[in-house]
Amino acid sequence: MNFRKTLLISMSLISFTFLQSCQEDSEPNNQEGQAQVRLNLTDAPGLYQAVYIDLQNVELKVDSSAWISLNTQAGIYNLLDFQNGLDTLIGQASVPAGKLNQIRLILGPNNSIVTATDSLSLKVPSGSQSGLKLLVNYTLQADLVYEFSLDFDAHRSIVLKGNGDYSLKPVIRVFTSSSTGSISGFIQPDSVMTGILAHNTLGDSAATIADTNTGYFLLAGLNPGTYTVEFNPQAPFNFKDTTNIMVNAGQVTDLDTISF
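To keep things clear, this report deals only with the structure shown in the data block.

Cut-off values and rules
- Residues numbered from 1 in each chain as written.
- Predicted model: local features only at pLDDT ≥ 70, side-chain atom pairs only at ≥ 80, totals over all residues.
- Heavy atoms only, no water.
- Helix = DSSP H or I, 4+ residues; strand = E, 2+ residues; numbered from the N terminus.
- Buried < 20%, exposed > 50% of the residue type's maximum accessible area, 1.4 Å probe, protein only.
- Contact = heavy atoms within 4.5 Å.
- Areas by Shrake-Rupley, 256 points an atom, 1.4 Å probe, with all protein chains shown as cover.
- Pairing = 2+ DSSP bridges.
- Axes fitted to C-alpha atoms, helices over the stretch in contact; angles between N-to-C directions.

### Quick notes on the overall build of the protein chain
The helix and strand tally for the protein chain stands at 2 helices and 21 strands. Counting all 260 residues of the protein chain, 51% fall into the buried class. Expressed as a percentage of contacts within the protein chain between residues at least 6 apart in sequence, the contacts between residues at least 24 apart total 72%. Entry remark: accessible area of the protein chain is about 11,900 Å², with carbon and sulfur atoms responsible for 47%.

Spelled out as structure tokens, the structure:
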């Protein structure tokens, strides 16, 4: 089985969903005052040369309020620039304390993908109209700063239609580093393209591709628990895995160097 097929099979196991809920605070809610919210864009791997999205605006809905526009860093972003721990701030604002229910991304018309042979338009059915809505369930308390990551799964978000067109059906996880943990390490030899998948018995999972310059990888946004980590390197190297990897909230579990 070649690497591309192996990676696609591994990533099909990932139970990410477009309407992903965050962990809710266990502390009582202070409904008065303002909370600071920051949104960062990161990416799960995709088998393309580039995936460009035209971000126009980011909005939040707190309790039953109208949509609140963030101070948005509008522009065209290549999602594949933000992997293995790299991210970029796309919006921030001071908002009323309360229950954060939804995040909405408004996209413009200039979305595209670059394959090995071509640059193609990427159609977004609702991104410029009703927006890409993410359901969230998180209590914002006054006078605190909340940093959310939007993990945009480029691989699962792009659909090749029967007529040859590509469309965007976003698969996005929303998580905070304080309530989730990460797994990191290095692949050796570092030039070996390696797909990495972490999963547990509860269905929590994350995937990435190790950096082929440094061998570094980071699997972020994992709920606390015990995981199995699978490594699927490019031929002629063989699959391997490691079990009973403990992930704790707010911490990075370092696997050091995985050698083939």
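### Some remarks on the sheet that holds strand 16 (residues 194–199)
With antiparallel pairing, 4 strands are arranged side by side in an open sheet as 17-16-19-20. Two strands lie at the open edges of the sheet, namely strand 17 (205–209) and strand 20 (240–247), each paired on one side alone. Neighbour to neighbour, the strand axes of the sheet diverge by 20 degrees on average, direction disregarded. Where strand 16 meets strand 19 (residues 225–233), 6 bridges bridge the pair, whose relative direction is antiparallel. Directly across from Thr 194, in strand 19, lies its bridge partner Pro 233.

### A short note on the environment of Leu 150
Here Leu 150 lies in strand 11 (residues 145–153). Residues contacting Leu 150, with those up to four places away along its chain left out, are Leu 39, Asn 40, Leu 41, Thr 42, Ile 90, Ile 103, Leu 105, Leu 134, Ile 172, Arg 173 and Val 174.

Interpretation note: all reported values are geometric properties and have no functional meaning in isolation.
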